[in-house]
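Fold and geometry: a report
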Amino acid sequence: MGSTLLVATANSMAVAPEPERWTGSWSAALTAAGAGKSKDGFADQTIRMFVHTSVGGTAARIRLSNRFGTAPLTIGHATVALPWPEAGPGDIKPGSAVDATFSGQRSITIPAGGSAVSDPVRMDVPASQDVAVSLYVPVASGPSTWHVYARETSFIGPGDHANDASGAKLPETRNNWYYLTGLDVLNRTGQGSIVVLGDSITDGFKSTVNADHRWTDYLGWRLNKEAPGGKAPGILNAGLAGNRLTLNGSDGGFNELGMNGSARFHFDVLGQTGVRTVILELGINDVWLSQDNADNIIARLQAMAQLAHQSDLKILVCTLSPWNAFESAPGVVAYTPTLDSVRLTVNSYIRTTTDFDGVIDFDSVLRNPADPSKLRPEWDSGDHIHPNDKGNEAMAAAIPLDLLLLDEDEDLR
């Protein structure tokens, strides 16, 4: 599947077009309800969420999750549309909303723990641009499955306004995504998808809200610009703030820190559309939050590499970036030289191991040449562990593209 077909003609050999394939273009890792709106859930309300694509296509489909729900989730109406921010907050372009159906029906009920994928939504989906997804929840949902640090404003209001161009009837705003875990596109040029399994650095925790300045967003833009023949893979962000390799969320449950990386692998990586490569950006929280030792962290990294290879996936691993002067709470400095020696030992393993298919050296990119234990000051968001927008851009610019693109003789499955 996907190989080039040569068709003989009277005077030449013509190349038939590649078949269209579904490719993951955007994703979010979801967790159980934590606080506020996620705990209350929704009833007779519309949620309008904006997501940033990586690759574009001729159709879309949305993936919804009630994985951590405690009751059935009914979606009474769902649409996919193009945003129109210049008109007003939460606005979509008039006439751009297209209904997303499920097995031909406008409504679907997803059982607790379940998920759903819509039918194809026929529309031109732009690459590296925002798309609006509106979900009308007609009856009480119970606590919601969500993504807590979206860095994107969602709009909520009473009644069914999934088709309304104006966001004025959606006056309540949140910085979260609810139920929406993926957007796939249909195209001929995609090279499958690359999933980034990461923590708050991948989640874009300190990047500018509504600017799409996570390093994964910059990488998607770069691939669309530089990939030969426009054949860019989709970039799927599976980052969760506070996430770790070795432990679940701080209360041992599924709060915003999420399940540990190994437990997330099967859903947040293998559950993605067209996945062929995973980038692993985890470990710094195991250093400072868990205060785990290097041997345990390395063993879990090795286990993740084995999981990927057993699933016939390529896996790249990121070095752990500097964090000197990071405060775990105001006035409480989490950094110590002893803990940082764990990070340095892990990085030494990452740079020399053959367990992975490649290394992305974010430590070398982000560290201050005058003090390698610290972030470059011009790329420090101010908390001394998370890069700012320019730091995220530098991370994406430093990744060797040959690690991400298919070889000429390599074929999609």
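Quick note: structure is the one above.
To keep things clear, this report deals only with the structure shown in the data block.

Of regular secondary structure, the protein possesses nine helices and 26 strands. The globule rule puts the C-alpha radius of gyration for 413 residues at 22 Å, and the 21 Å found for the protein is close to it. If one aligns the C-alpha atoms of the protein with their principal axes, the spans along those axes are about 65 × 60 × 40 Å. In the protein, 78% of the contacts between residues at least 6 apart in sequence involve partners at least 24 apart.

With that settled, consider helix 7 (residues 337-352). Between its first and last C-alpha atoms helix 7 spans 22 Å; for 16 residues at 1.5 Å apiece the expected length is 22 Å, and the two agree. Every buried residue belonging to helix 7 is among Leu339, Asp340, Val342, Arg343, Val346, Asn347, Tyr349 and Ile350, and all of these are buried. Lining the buried residues of helix 7 we find helix 5 (284-288), helix 6 (294-310), strand 21 (314-318), strand 24 (358-360), helix 8 (362-366) and strand 26 (371-375).

For the structure shown, the criterion picks out 16 salt bridges. Taking the shortest distance from any N to any O, the salt bridge between aspartate 340 and arginine 343 comes out at 2.6 Å. With a gap of three residues between them, aspartate 340 and arginine 343 both fall in helix 7, about one helical turn apart. Of the two residues examined, aspartate 340 and arginine 343, each falls in the buried class. For the salt bridge of arginine 351 with aspartate 361, the shortest nitrogen-to-oxygen distance reads 2.9 Å. In this pair, arginine 351 is assigned in helix 7 and aspartate 361 in the loop between strand 24 and helix 8, connecting sequence segments 10 residues apart. The class for aspartate 361 is partly exposed, based on a relative accessible area of 23%. Members of the salt-bridge network, linked through shared partners, are Asp340, Arg343, Arg351, Asp361, Asp363 and Arg367.

With that settled, consider the pairing of strand 21. Buried residues dominate strand 21, accounting for four of its five residues. Sheet topology places strand 20 (residues 275-281) next to strand 21; four bridges connect them, and they run parallel. Pairing of valine 278 across the sheet is with isoleucine 315, part of strand 21. Bridge analysis of strand 21 against strand 24 gives three bridges, and the strand direction is parallel.

Below, the discussion takes up the nonpolar core. Counting 64 residues, the largest nonpolar core has Ile62, Leu135, Trp215, Ile279 and Leu404 as its most contacted members. Residues within four places of isoleucine 279 in sequence aside, it is in contact with Ile194, Val195, Val196, Leu197, Trp215, Leu316, Cys318, Ile360 and Leu404. Membership of the second largest hydrophobic core comes to 39 residues, among which are Phe265, Ala305, Trp323 and Phe326.

The next point concerns the environment of tryptophan 22. Following the sequence through the fold, tryptophan 22 ends up in strand 3 (residues 21-27). Assessed through its relative accessible area of 22%, tryptophan 22 is described here as partly exposed. C-alpha separation for the pair tryptophan 22 and glycine 190, spaced 168 residues apart in sequence, amounts to 8.5 Å. In contact with tryptophan 22, other than residues within four places in its own chain, are Ala59, Ala60, Arg61, Pro120, Asp184, Val185, Leu186 and Thr273.

What follows is about the sheet that holds strand 12 (residues 130-137). Spatially, the six strands line up as an open sheet ordered 8-7-12-4-14-15, and their pairing is antiparallel. In the strand order of this sheet, the two ends are held by strand 8 (98-99) and strand 15 (172-174), each with one partner. Across eight bridges, the pairing between strand 4 (residues 45-52) and strand 12 is antiparallel. Bridge pairing in strand 12 places histidine 52 opposite aspartate 130.

Further remarks concern the pairing of strand 18 (residues 193-198). Side chains on a regular strand alternate between the two faces of the sheet. Most of strand 18 is tucked away, with six of its six residues classed as buried. Across the two faces of strand 18 the burial is the same, with Ser193, Val195 and Leu197 and Ile194, Val196 and Gly198 all buried.

Here is what the cut-offs are and how they apply
- Residues numbered from 1 in each chain as written.
- Predicted model: local features only at pLDDT ≥ 70, side-chain atom pairs only at ≥ 80, totals over all residues.
- Heavy atoms only, no water.
- Helix = DSSP H or I, 4+ residues; strand = E, 2+ residues; numbered from the N terminus.
- Rg over C-alpha atoms; globule rule 2.2 N^0.38 Å.
- Contact = heavy atoms within 4.5 Å.
- Expected span 1.5 Å × (residues − 1).
- Buried < 20%, exposed > 50% of the residue type's maximum accessible area, 1.4 Å probe, protein only.
- Salt bridge = Lys/Arg side-chain N within 4 Å of Asp/Glu carboxyl O.
- Pairing = 2+ DSSP bridges.
- Core = buried A, V, L, I, M, F, W, Y, C linked by side-chain atoms within 4.5 Å.

As far as function goes, none of this settles anything; it's purely spatial.
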